[in-house]
Amino acid sequence: MAKVVVTRKIPGNGVRMLRDAGFEVAVSPHDRVLERGELLNFIQGADGVLCMLTDKVDEEFINAVGPNLKIVANFAVGTDNFNLPALLSHNVQATNTPDVLTEAVAEHAFALIMAITRRIAEADKLARSGFPPAFGPEVLLGMELKGKTLGVLGLGRIGSRVAEIGKSMGMDVIYYDIKQNADFEAKVGAVFKSTPEDLLKEADVVSVHVPLLDSTRHLINTDRLKMMKPTAYLVNTSRGPVVDEVALVEALKNGTIKGAGLDVFENEPNHAPGLDELTNVVMTPHIASATIEARSAMGELAAKNIIAVLSGQPPLTPVKV
Ligand code: NAD
């Protein structure tokens, strides 16, 4: 009987689907990230592994599983935790969970955009403070989105949906991507900018949706933050290292930009020094895909990929190297 290891408890029917398919399924008994040693021990002898983005899948991981390994299914769309050439060289299929989390992440990006532009975290604190003003003409003034310019960095599945939501709220939408998308421009009325700099100079809100690659690491750095308007906001729901977090703290402190909304961080779960003390940033702990709908569908899609590959079929959502 083929063995499938699931490195953390997941919601939805994914585990049941794997058991119904006739596999022996071992699910981590801990509701936390497994320590490296625990992980390497737990995955031994598996034919398939359903893993988290917090699990580094490299040569050591592949060797720890052993020669039966045929598929590693990430419970995520991003695959920056995978060493793809290593998986390829061992003939192990890699899969991810695109599409099923797009709506959740796009809505979360907008939740952060609205929270930071309307100062919701500060207002919540004030409301609970015991002596909030009943009403104050100048208390916690924020920024309206209608008529403002939304800059989408990375117009893939999630970035496109964020652009659509922005449009539906009356924002002008500009985007930068390595690939121009004329069909999307015609359908949604988004305007292509040929460099990230052009986008950063113009946008009132910048929302980042690129994958973490060598080419996108610190895409937002000190120089590029300086190009943004002092009234502009930066929101990142992609991967932490896309933004130089130390540079961002500096920019938020000295008024280079107005504020930021962050779901992801450079060295999770840690934050850059000074970030936690700032009032012009709203933060969530990597929960952009955390809806019951998305997380259940992610588990089910990962399970379907494993069932397909261990039955000799092609996976539904392979990751291309
Ligand atoms: P996608 O592949 O559909 O879109 C990524 C887009 O970025 C593509 O259009 C690609 O052309 C573009 N791109 C690549 N390199 C670029 C560059 N240097 N400059 C500009 N654009 C570039 O992926 P997606 O499904 O939209 O997901 C995007 C990312 O969001 C994932 O890779 C993942 O890291 C992140 N994500 C985070 C969470 C979360 O919980 N916070 C959840 C899901 C996804």
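Structure: above.
This text gives an overview of the structure that appears in the document. (Residues numbered from 1 in each chain as written. Predicted model: local features only at pLDDT ≥ 70, side-chain atom pairs only at ≥ 80, totals over all residues. Heavy atoms only, no water.)

This part covers the sheet that holds strand 12 (residues 281-283). If you trace the 7 strands from one edge of the open sheet to the other, you get 8-7-6-9-10-11-12, paired in parallel fashion. Looking at the sheet topology across the chains shown, the edges are occupied by strand 8 (191-192) and strand 12. Relative to strand 11 (residues 259-262), strand 10 (residues 233-236) is paired through 4 bridges, and the arrangement is parallel. Across the sheet, the residue bridging to tyrosine 233 is glycine 259, located in strand 11. Running at roughly 150° to strand 10, helix 5 (residues 102-117) makes contact with strand 6 (149-153), strand 9 (205-208), strand 10, strand 11 and strand 12 of the sheet. (Pairing = 2+ DSSP bridges. Helix = DSSP H or I, 4+ residues; strand = E, 2+ residues; numbered from the N terminus. Contact = heavy atoms within 4.5 Å. Axes fitted to C-alpha atoms, helices over the stretch in contact; angles between N-to-C directions.)

Attention now moves to the site of the ligand. For the ligand, the set of nearby residues contains 25 residues, the closest of which are Arg157, Ile158, Asp177, Thr237 and Asp263. Separating an oxygen atom of the ligand from a side-chain N or O atom of aspartate 177 is a distance of 2.6 Å. Take aspartate 263: an N or O atom from its side chain is 2.9 Å from a nitrogen atom of the ligand. Here the ligand has 870 Å² of accessible area as a free molecule, and 90% of this is covered by the chains. Class assignment for the residues of the shell around the ligand results in 11 nonpolar, 9 polar and 5 charged. (Near = heavy atom within 4 Å. Polar contact = N/O pair within 3.5 Å; in protein donor to acceptor, adjacent residues only side chain to side chain. Areas by Shrake-Rupley, 256 points an atom, 1.4 Å probe, with all protein chains shown as cover. Nonpolar A, V, L, I, M, F, W, Y, C, P; charged D, E, K, R; others polar.)

Among the 5 residues that make up strand 6, 5 are buried, leaving the element largely enclosed by the rest of the structure. Neither face of strand 6 is left uncovered, since the one carrying Thr149, Gly151 and Leu153 and the one carrying Leu150 and Val152 both have all their residues buried. Judged from the 5 bridges that link them, strand 6 and strand 7 (residues 172-176) form a sheet pairing that is parallel. Note on strand 7: the bridge partner recorded for valine 152 is tyrosine 175. Assessed by its sense of winding, the connection that carries the chain from strand 6 through helix 7 (residues 157-168) to strand 7 is right-handed. By the bridge criterion, 4 bridges tie strand 6 to strand 9 in an arrangement that is parallel. (Buried < 20%, exposed > 50% of the residue type's maximum accessible area, 1.4 Å probe, protein only. Right-handed = clockwise from strand over helix to strand, strands pointing away.)

What follows concerns helix 12 (residues 292-310). Taking 1.5 Å per residue as the helical rise, helix 12 with its 19 residues ought to reach 27 Å, and the 27 Å between its terminal C-alpha atoms agrees with that figure. Of the residues making up helix 12, those classed as buried are Ala294, Ser296, Met298, Gly299, Leu301, Ala302, Ala303, Asn305, Ile306, Ala308, Val309 and Leu310. Of the surrounding elements, those touching the buried residues of helix 12 are strand 1 (3-6), helix 1 (14-20), strand 3 (48-51), strand 4 (71-74), strand 5 (93-95) and helix 5. Backbone geometry just after helix 12 places glycine 312 at a positive phi near 80°. (Expected span 1.5 Å × (residues − 1).)

Strand order in this open sheet of 5 strands is 2-1-3-4-5, and the pairing throughout is parallel. Of all the strands in the sheet, just strand 2 (24-27) and strand 5 have a single pairing partner and so form its edges. Strand-to-strand, the axes of this sheet are offset by a mean angle of 15°, without reference to chain direction. By the bridge criterion, 4 bridges tie strand 3 to strand 4 in an arrangement that is parallel. Directly across from glycine 48, in strand 4, lies its bridge partner isoleucine 71.

Right, let's talk about empty space enclosed by the protein for a bit. Under the criterion given, the structure shown has 1 cavity of 30 Å³ or more. Of the volumes computed, that of the largest cavity is approximately 40 Å³. As for the largest cavity, its lining consists of Asn236, Gly240, Val243, Glu245, Leu248, Leu262, Val264, Phe265 and Glu266. (1 Å grid on protein atoms, 1.4 Å probe; cavity = no way out; pocket = protein on both sides within 12 Å on 5 of 7 lines; lining within 4 Å. Points joined across faces, edges and corners; volume = space filled by probe spheres on them.)

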